[in-house]
Amino acid sequence: MTRWREAAIPLALAAAVLAVPLVVKNPYHLNVAILVLVWTTLGAAWNIVGGYAGQLSLGHAAFFGIGAYSLALTAHYWGWSPWAGMAMAVAVSVPLAAAIGAITFRLRGPYFVLGTLALAEVLRLVVLAWRDLTYGAAGIMVPEIFPGLSRAPYYYFIALAAIAAVGTTWWMERSGFGYYLTAIREDQETAESIGVNAAWYKNLALMISAAFTALTGAFYASHLMFIEPDIVLSEPVSVQMAVVAIIGGRGTVLGPLVGALLLVLASEIFRAQFQQAHLLIYGLLLMLTILFMPGGVLGEIQHRLRLRAAPRPVIGTTFSSSHESSGQREVG
Amino acid sequence: MEFLAQLPQNLVSGLLLGGMYALIGAGLALVFGVMDIVNMAHGAFIMVGMYTTFVLCTRLRLDPYLGLLVTAPLLFGVGMLLHRLLIERVAHASHMNQILLTLGLSVALVNLVQLIFTANYQQIRTSYSDAVIRLGSITMNVPYVISFALATGITLGLYYWLMHSEFGRALRATAQDPMAAQLMGVNVRRVQSVAFGLGMALAGAAGALLTPVYYLYPTVGANFGLKSFTMVVLGGMGSVVGAALGGVTLALAESVGQMLVGHELKDAIGFVVFLLVLLFKPAGLFGGQRA
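Conventions adopted
Residues numbered from 1 in each chain as written. Chains lettered and ligands numbered in written order. Predicted model: local features only at pLDDT ≥ 70, side-chain atom pairs only at ≥ 80, totals over all residues. Heavy atoms only, no water. Helix = DSSP H or I, 4+ residues; strand = E, 2+ residues; numbered from the N terminus. Rg over C-alpha atoms; globule rule 2.2 N^0.38 Å. Buried < 20%, exposed > 50% of the residue type's maximum accessible area, 1.4 Å probe, protein only. Contact = heavy atoms within 4.5 Å. Areas by Shrake-Rupley, 256 points an atom, 1.4 Å probe, with all protein chains shown as cover. Expected span 1.5 Å × (residues − 1). Arc of directions from axis to C-beta. Pairing = 2+ DSSP bridges.

Glancing now at the overall build of chain B. What chain B contains, in helices and strands, is 11 helices and 2 strands. Across chain B, helices and strands are ordered from the amino to the carboxyl terminus as α-α-α-α-β-β-α-α-α-α-α-α-α. Computed over C-alpha atoms, the radius of gyration of chain B comes to 19 Å, within 12% of the 19 Å expected from 2.2 N^0.38 for 291 residues, which places it in the range of a compact globule. Its C-alpha atoms put chain B at 60 × 45 × 35 Å along the principal axes. Burial analysis of chain B (291 residues in total) assigns 58% to the buried set. Long-range contacts, defined as pairs at least 24 residues apart, comprise 77% of the intrachain contacts of chain B with a sequence gap of at least 6. A total of about 11800 Å² of accessible surface is found on chain B, and carbon and sulfur atoms cover 65% of it.

Rendered as structure tokens:
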């Protein structure tokens, strides 16, 4: 198979995603499509760390929120254009990821998960308390990146971001980087013993993931035109990112898209019934997924196909096979 | 000077809250420390305990402290059922899948309660809600004092029971080595169900005791959930007594710390302590003896 044929399906899919506003004119439907792509991008970003590298982060709201506040604060205090604010969001998120990685990657298993959760919570509380800078719980207005009535430019922007994020994982699956991350996920000690610099690759994965998350955070803030800590920095944001990727399929390229489609559409359908409790569906689907198909929708499909086809080395989901090295106390 | 003047009051408040934190920590220690199940729903269980007590108070006009006698056994039963239906299926799976399953359970419980009771803040009032005891310059809310006394009693009773009953021995044996315990004739599956049920009952009891002194809202458990891991880690894994002491320590650290960093950052203290302990003193402050 030539490289071009290998790339044909992804390119066709990308073109189809970009063509949506030509067909969908209804503003409500377009907004739902924007939400699907916001969560696809976030799920894909989370997937790099949580899926491929197997580091279950529940603190990604930190990057999302930092992205949103970067745009909001630079516009509010310095009059920056939202585009410059967006660049700032990405620029700030990478060192933040390095700092968070330096702390949390020293923890293993459940302690890593709780550590990421704790750090993001601390950040939320600080933003909430630092009212002189952030206006705290009162929130802050955010300028639009595309002034005007049409939502189509927003759609094109987030579609490109989603394609970039999903494309990054597509490229990762075909690169040494992706194999290193998978090796770290499956057995970090063995990976290190054959010369994989686990600390560096995990940090690199987190920085890439954080950059996409912060970009989406800045976009989302501008799309919403208003943010406050509980919208962009709270635990449910982190949980939703993880759940999108997990239900679609951890460590699969298109898993986040499938997960985002399922979850966003389900919450829209049940919006009238559940109102503010729309995360009920996330909780229930997460439980069902873990109990009956821990690899997620695409992980399960891949698993079934692989049982039929001749075995071929794929960076895939081994989440159904249980015992990972998460023994008693693996700290430091 | 002002700091020193306020210190005694804050220490007493911290100690009173610490009684309830001890109960919360002990409950998670049973499930996470002893049974090695990473339970992300502990905070949600506390919240369920609070709302159960709230319903008993407002609908049946039951005193919140009498409600404890209903809430705790009820949550014990629900906990055993949850163990059989859900937790048991991932008990031998990776920690990650345990985390995700219990996280899903937590999200589902929080949103279910939000659906039923809305996200509004609620509160229960009793005839003694505003009563205070004065000791010199220190004032203590009567409900706080009752909650503290009951929480301490339950925690000590639990400890005594674990150390001196046949079931306590079976539970400690199962925690040390489930296989060996099974070979010695312990019904390991039953012990694990009971331990999980007990963990949920303790969370429910803590919730019941918090109801007279706290506001209720569906996400009230979120902070308690993460904090309860702090208590267990402070106490050294696998020690119920350690976690209880960890709870008291955390409550004291919070009430003294908030004098320095302000009320709004009070909750951050527990999370920072959590990270510091994990990074620099992973064996906890109170040794690692299992009990």
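Read on, since the account is not over.
Time to look at helix H14 (residues 255-269) of chain A. All names here are of chain A. Counted at 1.5 Å a residue, the expected span for H14 with its 15 residues is 21 Å, and the 21 Å between its end C-alpha atoms agrees. Taken residue by residue, H14 has Gly 255, Pro 256, Leu 257, Gly 259, Ala 260, Leu 263, Val 264, Ala 266, Ser 267 and Glu 268 as its buried positions. Buried positions along H14 lie against helix H3 (27-52), helix H13 (235-249), helix H15 (271-274), helix H16 (279-292) and helix H17 (296-308).

Residues and elements named next belong to chain B. Along helix H6 (residues 166-176), the residues classified as buried are Phe 167, Gly 168, Ala 170, Leu 171, Thr 174 and Ala 175. One side of H6 holds all its buried residues, which, seen down the axis, span an arc of 160 degrees. Of the exposed residues in H6, those oriented more than 90 degrees away from the buried face are Glu 166, Arg 169 and Gln 176. Considering only its buried residues, H6 is in contact with helix H1 (2-34), helix H5 (142-164), helix H7 (178-183) and helix H8 (188-210).

What follows covers the pairing of strand E2 (residues 138-141) of chain B. Residue and element names in this part refer to chain B. Of the two faces of E2, the one lined by Ile 138 and Met 140 is fully buried and the one lined by Thr 139 and Asn 141 carries no buried residue. Pairing between strand E1 (residues 132-135) and E2: 4 bridges, direction antiparallel. Pairing of Val 132 across the sheet is with Asn 141, part of E2. Here E1 folds back onto E2, and the loop between the two strands holds 2 residues, one of which, Gly 136, carries a positive phi near 65 degrees.

These figures come from the coordinates and say nothing about function on their own.
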